Amino acid sequence: SSTIRATNFNFVCIGFPDVHIPEDRRPEVVDTLWNDHKCIPIFIENKDDYEGYQQYSKEILWSILHCVTPSLYLSDDALNTNLWRGYKAVNKKFVEEVVNIVQS
């Protein structure tokens, strides 16, 4: 049969909350997200990293992948190394968490 049955898959969601979580509440948030939803939050401390990630992923990558001319892509801001550094820094946090999951 060519039917795929998804009954034996274990999924984990890794992402960042789009709200600020105070440092002292993070252990509680991590526990709740994991226990209730199998989610692992990524906390982004650096505002520049967050903004770089947001601008590259939402303005440039989303536009390119949806066949829309990205406004940032055509401007000098798109080549801003601080935005690119921020995008890479956030993605590195995602990679580190994926590696932790795979190795455990």
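Residues numbered from 1 in each chain as written. Predicted model: local features only at pLDDT ≥ 70, side-chain atom pairs only at ≥ 80, totals over all residues. Heavy atoms only, no water.

Student: I tried to follow a nonpolar patch on the surface on my own but got confused; where do I start?
Tutor: Residues Leu 61, Ile 64 and Leu 65 make up a contiguous nonpolar surface patch of about 290 Å² in total accessible area. Its place among the elements puts Ile 64 in helix α2 (residues 47–65). (Patch = residues over 30% accessible without salt bridge, like charges linked within 9 Å, V, L, I, M, F, W, Y side chains within 5 Å. Areas by Shrake-Rupley, 256 points an atom, 1.4 Å probe, with all protein chains shown as cover. Salt bridge = Lys/Arg side-chain N within 4 Å of Asp/Glu carboxyl O. Helix = DSSP H or I, 4+ residues; strand = E, 2+ residues; numbered from the N terminus.)

Student: How should I be thinking about helix α3 (residues 81–103) in this particular structure?
Tutor: Helical geometry: 3.6 residues make up each α-helical turn, so side chains three or four residues apart lie on a common side. End to end, α3 covers 32 Å across 23 residues, agreeing with the expected 33 Å (1.5 Å per residue, within 8%). Taken as a whole, α3 has its buried residues at Leu 83, Gly 86, Tyr 87, Val 90, Phe 94 and Glu 97. The inward-facing, buried residues of α3 contact β1 (13–15), β2 (39–41) and α2. (Expected span 1.5 Å × (residues − 1). Buried < 20%, exposed > 50% of the residue type's maximum accessible area, 1.4 Å probe, protein only. Contact = heavy atoms within 4.5 Å.)

Student: Help me out: how do you make sense of the environment of Pro 17 in this one?
Tutor: Following the sequence through the fold, Pro 17 ends up in the loop between β1 and α1 (26–37). Taking the C-alpha atoms as reference, Pro 17 lies 7.4 Å from Phe 43; in sequence the two are 26 residues apart. Excluding anything up to four places from it in sequence, Pro 17 contacts Pro 41, Ile 42 and Phe 43.

Student: Explain the packing of α2 against α3 to me, please; I cannot follow it from the model alone.
Tutor: Angle between the axes and distance between the axes: these two values describe a pair of packed helices. Direction vectors running N to C along α2 and α3 enclose 95°, while the axes themselves pass 7 Å from each other. By the angle between their axes, α2 is roughly perpendicular relative to α3. Counting all contacts with α2, which are made through Asp 48, Asp 49, Tyr 50, Glu 51, Gly 52, Tyr 53, Gln 55, Tyr 56, Ser 57 and Leu 61, the residues of α3 involved are Leu 83, Trp 84, Arg 85, Gly 86, Tyr 87, Ala 89, Val 90, Asn 91 and Phe 94. For the contact of α2 with α3, the residue count by class is 10 nonpolar, five polar and four charged. (Axes fitted to C-alpha atoms, helices over the stretch in contact; angles between N-to-C directions. Parallel < 35°, antiparallel > 145°, perpendicular 65-115°, else oblique. Nonpolar A, V, L, I, M, F, W, Y, C, P; charged D, E, K, R; others polar.)

Any link to function would need more than the numbers given here.
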